[in-house]
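Notes for the structure review
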Amino acid sequence: VVMLSTTTNYWYDFQGWSGDADCSDGFLAMNDHMACTATFVLAPSHEVTVEATGNGSGMIRWHHPSGNVIDSTPPYSNTVRPGDTLTLEPLPDTGSVFAGWSGHHDCADGVLTVNSDMTCIAQFDLESGTDLIFDDGFETGSLSAWTTGS
C-alpha cells in the first residue's frame, strides 16, 4: 500500500485526489500502473490596503501570516486568508514620527484579525521643530523638490 501526501502553501488549499479509481482516498493498493492527480484551489482571501496621511513620510513593514516580511511605501495592498493575523509596523522616515492608525476599527493597534477587506491609514507627521524647505533653499518652487530640514 502506498499513501499519497501533499504539501500546500499559504495561498492554496488541497481539494482532493482524482485519477484512477483507487486514488480518491490517497491510499493505493499498487496492483498496476496508476495515475493520480492532486487538485489545489486558490484559498479564500481578503484584501488589506494601507494608505498614509499627514505631512511626514514613512514605510510600513508587513508581518504577513505566510511568514513573509514586506516593507512597502503606502499606498500598498496585500491579501490575507480569513481569520489570520497580520501585523503592520510603521517605520517613519528621518524627520517624521508615526502619530497613529485610523481607518478600519481593527487597525488601531496595527495588529489585524482579517475577516473582511479593510483599509488602514498610517498618520506620519513631521517631528516637532522640523520645517519644510525646498532643496534650493527658497520658499517657492516645484513640490517635487521638498525635503525636511531643521
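Refer to the structure printed above.
Residues numbered from 1 in each chain as written. Predicted model: local features only at pLDDT ≥ 70, side-chain atom pairs only at ≥ 80, totals over all residues. Heavy atoms only, no water.

Right, let's get into the overall build of the chain. Along the backbone of the chain there are 0 helices and 14 strands. Shown N-terminal to C-terminal, the secondary structure of the chain runs as helices and strands in the order β-β-β-β-β-β-β-β-β-β-β-β-β-β. Within the chain, the fraction of its 150 residues that count as buried is 27%. Partitioning the intrachain contacts of the chain with sequence separation of at least 6 by distance along the chain shows that 59% fall at a separation of at least 24. (Helix = DSSP H or I, 4+ residues; strand = E, 2+ residues; numbered from the N terminus. Buried < 20%, exposed > 50% of the residue type's maximum accessible area, 1.4 Å probe, protein only. Contact = heavy atoms within 4.5 Å.)

Membership of the largest hydrophobic core comes to 17 residues, with the highest contact counts inside it found for Val48, Ile60, Trp62, Leu88, Trp101 and Leu112. Residue assignment for this core shows that the elements contributing at least two residues are β5 (46–53), β6 (58–63), β9 (85–92) and β12 (118–126). Of all the elements, β12 adds the most residues to this core, at 4 residues. The residues contacting Trp62, other than those within four sequence positions of it, are Val48, Val50, Asn68, Val69, Ile70, Ser72, Tyr76, Ser77, Asn78, Leu86, Thr87 and Leu88. (Core = buried A, V, L, I, M, F, W, Y, C linked by side-chain atoms within 4.5 Å.)

Quick look at the pairing of β12 now. Walk down a regular strand and you will see the side chains alternate between the two sheet faces. Side chains Met118, Cys120, Ala122, Phe124 and Leu126 project from β12 onto a buried face, and the interleaved Thr119, Ile121, Gln123 and Asp125 project onto a face without burial. As judged from the 6 bridges shared by β5 and β12, these two strands associate in the parallel manner. What sits directly across from Ala52, in β12, is Ala122. Across 7 bridges, the pairing between strand β10 (residues 96–103) and β12 is antiparallel. What sits directly across from Gly100, in β12, is Gln123. (Pairing = 2+ DSSP bridges.)

Here we come to the sheet that holds β6. Strand order in the open sheet made by the 4 strands is β7-β6-β9-β11, with antiparallel pairing throughout. A single partner strand is all that each edge strand has here, and the edge strands are β7 (69–72) and β11 (111–113). Each strand axis lies, on average, 20° off the axis of its neighbour in the sheet, ignoring direction. Judged from the 3 bridges that link them, β9 and β11 form a sheet pairing that is antiparallel. Opposite Thr85, over in β11, you have Thr113 as the bridge partner. (Axes fitted to C-alpha atoms, helices over the stretch in contact; angles between N-to-C directions.)

Another point: the pairing of β6. Burial of β6 is one-sided: the residues Gly58, Ile60 and Trp62 facing one way are buried, the residues Met59, Arg61 and His63 facing the other way are not. Here β6 runs beside β9; their pairing, made up of 6 bridges, is antiparallel. Pairing of Ile60 across the sheet is with Pro90, part of β9. As paired elements, β6 and β7 share 4 bridges and run antiparallel to each other. Looking across to β7, one finds that Trp62 is bridged to Ile70. Following β6, the chain reverses through 5 residues before pairing antiparallel with β7; Gly67 in that reversal takes a positive phi of roughly 105°.

Our focus in this paragraph is the environment of Tyr76. Along the polypeptide, Tyr76 turns up in strand β8 (residues 76–80). If we skip the residues at most four places from it in the chain, Tyr76 touches Val48, Thr49, Val50, Trp62 and Ile70.

This part takes up the state of the cysteines. Tallied over the entire structure, the rule returns 2 disulfides. Numbered by order of appearance in the sequence, the disulfide-linked cysteines of the chain pair as 1-2, 3-4. (Disulfide = S-S within 2.5 Å.)

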